[in-house]
Amino acid sequence: MRLAALLSIALMLPAQTPPGKATAFERAVVQEMSEARTQPKVYAKHLRELRPYFEGTLWNRPGRVPLRTEEGLAALDEAIAFLESVRPVSPLRFNEGLARAARLHAQDLGPRGSLEHVGSDGSRLSDRLNRLGRWHGLIAENISTGEEEARQVVIQLLVDDGVAGRGHRKNLFNPDLHQAGAGSAPHRDYRVVTVIDYADGFTPVP
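In this report, we go over the structure that sits alongside the text. (Residues numbered from 1 in each chain as written. Predicted model: local features only at pLDDT ≥ 70, side-chain atom pairs only at ≥ 80, totals over all residues. Heavy atoms only, no water.)

1. Some words on the pattern of salt bridges
Within the structure shown, the criterion is met by 15 salt bridges. The partner of Arg131 in a salt bridge is Asp121, and the shortest N-O contact between them spans 2.7 Å. Pair noted here: Arg131 is in helix α5 (residues 125-132) and Asp121 is in the loop between α4 (96-112) and α5, with a separation of ten residues, a long-range link. Here Arg188 ties to Asp189 by a salt bridge, and the two come within 3.2 Å at their closest N and O atoms. One network of salt bridges, in which partners are shared, links Glu71, Glu78, Arg166 and Arg169. (Salt bridge = Lys/Arg side-chain N within 4 Å of Asp/Glu carboxyl O. Helix = DSSP H or I, 4+ residues; strand = E, 2+ residues; numbered from the N terminus.)

2. Some remarks on unusual backbone geometry
If you check the backbone angles, Arg166 has positive phi at about 50° while not being a glycine. The topology assignment puts Arg166 in the loop between α6 (150-159) and α7 (167-172). Its identity is not glycine, yet Arg191 carries a phi of approximately 70°, on the positive side.

3. Focus: the sheet that holds strand β4 (residues 67-68)
The sheet built from three strands is open, its strands ordered β2-β3-β4 with antiparallel pairing. One side of each edge strand has no neighbouring strand; the edge strands of this open sheet are β2 (54-55) and β4. Note that β2 and strand β3 (residues 58-59) share two bridges and pair antiparallel. The residue of β3 that forms the bridge with Phe54 is Trp59. (Pairing = 2+ DSSP bridges.)

4. A word on the packing of helix α2 (residues 40-48) against helix α3 (residues 73-85)
Two elements in contact, α2 and α3, have axes separated by 8 Å at closest approach and are oriented at 160°. With respect to their mutual orientation, α2 and α3 come out roughly antiparallel. In the crossing of α2 with α3, the sense of the turn from one axis to the other is left-handed. Of the residues in α3, those in contact with Pro40, Lys41, Tyr43, Ala44, Leu47 and Arg48 of α2 are Leu76, Ala79, Ile80, Leu83 and Glu84. Counted by class, the contact of α2 with α3 contains eight nonpolar, no polar and three charged residues. (Axes fitted to C-alpha atoms, helices over the stretch in contact; angles between N-to-C directions. Parallel < 35°, antiparallel > 145°, perpendicular 65-115°, else oblique. Left-handed = near helix turned anticlockwise from the far one by under 90°. Contact = heavy atoms within 4.5 Å. Nonpolar A, V, L, I, M, F, W, Y, C, P; charged D, E, K, R; others polar.)

5. Let's talk about α6
Counting buried residues in α6 gives nine out of ten residues, a clear majority hidden from the surface. What α6 keeps buried is the set Ala150, Gln152, Val153, Val154, Ile155, Gln156, Leu157, Leu158 and Val159. Count one or two residues on from α6 and you reach Asp160, which has phi positive near 55°. (Buried < 20%, exposed > 50% of the residue type's maximum accessible area, 1.4 Å probe, protein only.)

6. Some details on the environment of Leu58
Relative to the helices and strands, Leu58 is located in strand β3. Distance in space between the C-alpha atoms of Leu58 and Pro111 is 28 Å, their sequence separation being 53 residues. The contact partners of Leu58, leaving out residues within four places of it in the chain, are Tyr53, Pro66, Leu67 and Arg68.

7. So, the pairing of strand β7 (residues 179-187)
Extensive coverage of β7 is indicated by the burial of eight of its nine residues. Relative to β7, strand β5 (residues 93-94) runs parallel, the two being bridged by two bridges. By the bridge assignment, Arg93 is partnered in β7 with Gln179. Inspection of the sheet shows β7 paired to strand β8 (residues 191-204) by nine bridges, in the antiparallel sense.

See below:
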């Protein structure tokens, strides 16, 4: 299961510019993450339904091109065990400003075929948020590739195949992150890239 990258930062700083309107898909990604956070045991059922489609490291997804994963069923089962044991955390509040920041970064990544947290202008997450508003506390960023359904984006982040430390999953379940916005764009190599920006708090500056 090919995944991109993650980033967590604990800092405080300001900025400038307004948010754009998120698409239904971008809003659905945040809603799906909230469902996983608030009802992890229920969400584990979605992952259990995938078990029959694995043959070694090959994931024969119904109606999709088979995907070669790095860890196969082991990563999926670990994610299921995590969801069945973790305590629920509060839902994420959708934030248009964070969605705009995420979308701008996705649009920067796509044409270049990049999956990095650093923008083509050298900007990091804190820089990009500072251009759009004021944030406080913890901020973080996840990047998903190749998935065009909100649930599949979240499943990808939860399973975190091939990612040491399961950092995407940790960001998703971090109780100190209370707001999120997702932004999606076409990607040169993986069809689509979805960036998710999280914050303890973020206020767009009009």
